[in-house]
Amino acid sequence: MKRLLTLFTALLLAACGDNTPPKPDVAQGETPATAANAAKTLEVYKSPTCGCCGAWVEHMEANGYTVNVHEQQNLQSIKEKAGILPGTGSCHTAFVDGYAIEGHVSASDVDRLLKERPEGKGLTVPGMPVGSPGMEMGDHKDAYDVLLFDENGTQVFSHHSGN
């Protein structure tokens, strides 16, 4: 409960003008396993009517993430706080362990991000590529890149081949 209150306070403060994505605090006395579970908690901001966002949430949960969903109509302020660059946005924004995750990023890419901890604000999959998590349409898959971004631009973090 104390950790949840701390996380809620961090989110509230972030909404008041700090551009740093919320990062859960590790309380004194927590075990490494508890701290690792906190690192796998996603705060997801999405439209209440977006089905593909819900499918992405299910993908993340199936891959061991705890997901807290926040539904709202206008996500622009969330995307601005996350530092999403023009042209790199998608339909939902999430925060995990100090990073922003924009769009249909796979759980394996988020796992790698959290393991390697590269410099940057987070990962984005611009648009909504067919075959990305939450955008499955039969066997069809578009090729797409997952981009690591910061205020200066983007670089390719991983590439997913199409068919």
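Because the structure is predicted, anything quoted here is derived from the model rather than measured.

**Q** Quick question: what am I supposed to make of the side chain of Glu43 here?
**A** Position of Glu43 relative to the elements: it lies in strand β1 (residues 41-46). Residue classification places Glu43 among the buried residues on the basis of a relative accessible area of 4%. Polar contacts involving the side chain of Glu43 include one to the side chain of Asn68, which spans 2.7 Å.

**Q** Looking at this model, I keep getting lost on the pairing of strand β6 (residues 144-150). Mind explaining?
**A** Both faces of the sheet carry side chains from a regular strand, because those side chains alternate between them. Across the 7 residues of β6, 5 count as buried, placing the element largely inside the fold. Pairing of strand β5 (residues 122-124) with β6 involves 3 bridges; the strand directions are antiparallel. Paired with Thr124 across the bridge in β6 is Leu147. Bridge analysis of β6 against strand β7 (residues 153-160) gives 7 bridges, and the strand direction is antiparallel. Its bridge partner lying in β7, Phe149 is registered against Thr154.

**Q** Please clarify how the sheet that holds β5 should be interpreted in this entry.
**A** Pairing between sheet strands relies on hydrogen bonds along the backbone, with the strands arranged either parallel or antiparallel. If you walk across this open sheet you meet the 7 strands as β2-β1-β3-β4-β5-β6-β7, and the pairing is mixed. Lying at the two open borders of the sheet, with one neighbouring strand each, are β2 (66-71) and β7. This sheet shows a mean twist of 25 degrees between the axes of neighbouring strands, independent of strand direction. Each of β1, β2, β3 (93-96) and β4 (99-102) touches helix α3 (residues 51-62); the most contacted strand, β1, lies at about 175 degrees to it. Each of β3, β4, β5, β6 and β7 touches helix α5 (residues 107-116); the most contacted strand, β7, lies at about 125 degrees to it.

**Q** I tried to follow the packing of aromatic side chains on my own but got confused; where do I start?
**A** Pairs of aromatic rings are described using the distance from one ring centre to the other and the angle between the two planes. In this structure the tally under the stated criterion is 1 aromatic pair. Just above the ring of Tyr65 sits the side chain of Lys40; from NZ or CZ to the centre is 4.3 Å. Across the ring face of Phe157, the terminal group of Arg112 is positioned such that the distance to the ring centre comes to 3.8 Å.

**Q** What is the right way to read the pattern of salt bridges from this model?
**A** Oppositely charged side chains are able to pair whenever their charged atoms sit close together. Applying the stated rule across the entire model yields 5 salt bridges. Of the charged contacts in the structure, one is a salt bridge between Glu71 and Lys46, with a shortest N-O distance of 3.1 Å. Taken as a pair, Glu71 in strand β2 and Lys46 in strand β1 lie far apart in primary sequence, 25 residues in all. Using a relative accessible area of 48% as the deciding quantity, one classes Glu71 as partly exposed. Lys46 sits in the buried class, given a relative accessible area of 6%. We note a salt bridge from Glu102 to Lys79, for which the minimum N-O separation is 2.6 Å. Here Lys79 lies in helix α4 (residues 76-82) and Glu102 lies in strand β4, a separation of 23 residues in the sequence. In terms of burial, Glu102 and Lys79 fall into one category: buried.

**Q** What is the right way to read the confidence of the model for the protein from this model?
**A** The predicted coordinates should not be examined in detail at positions where pLDDT is low. Looking at the protein as a whole, its pLDDT mean stands at 83, while 77% of the residues score no less than 70. Contacts of residues 1-34 to residues separated by more than four positions or lying in other chains number 35 contacts, the stretch itself having pLDDT below 50.

**Q** Could you clarify how one ought to interpret the nonpolar core in this entry?
**A** In a soluble, globular protein the nonpolar side chains are often hidden away together inside. Within the largest apolar cluster, 22 residues are counted, with the highest numbers of intra-cluster contacts made by Leu42, Trp56, Met60, Tyr65, Ile101, Val110 and Leu123. Contributing elements (two or more residues each) for this core: β1, α3, β3, β4, α5 and β6. No other element matches the 4 residues that α5 contributes to this core. Those residues in contact with Met60 that sit more than four places away from it in its chain are Leu42, Tyr65, Val67, Val105, Ser106, Ala107 and Val110.

So, how was this worked out
Residues numbered from 1 in each chain as written. Predicted model: local features only at pLDDT ≥ 70, side-chain atom pairs only at ≥ 80, totals over all residues. Heavy atoms only, no water. Helix = DSSP H or I, 4+ residues; strand = E, 2+ residues; numbered from the N terminus. Buried < 20%, exposed > 50% of the residue type's maximum accessible area, 1.4 Å probe, protein only. Polar contact = N/O pair within 3.5 Å; in protein donor to acceptor, adjacent residues only side chain to side chain. Pairing = 2+ DSSP bridges. Axes fitted to C-alpha atoms, helices over the stretch in contact; angles between N-to-C directions. Contact = heavy atoms within 4.5 Å. Phe/Tyr/Trp six-rings, centres within 6.5 Å; stacked < 30°, edge-to-face > 60°. Lys NZ or Arg CZ within 6 Å of the ring centre and 35° of its normal. Salt bridge = Lys/Arg side-chain N within 4 Å of Asp/Glu carboxyl O. pLDDT = per-residue confidence, 0-100. Core = buried A, V, L, I, M, F, W, Y, C linked by side-chain atoms within 4.5 Å.

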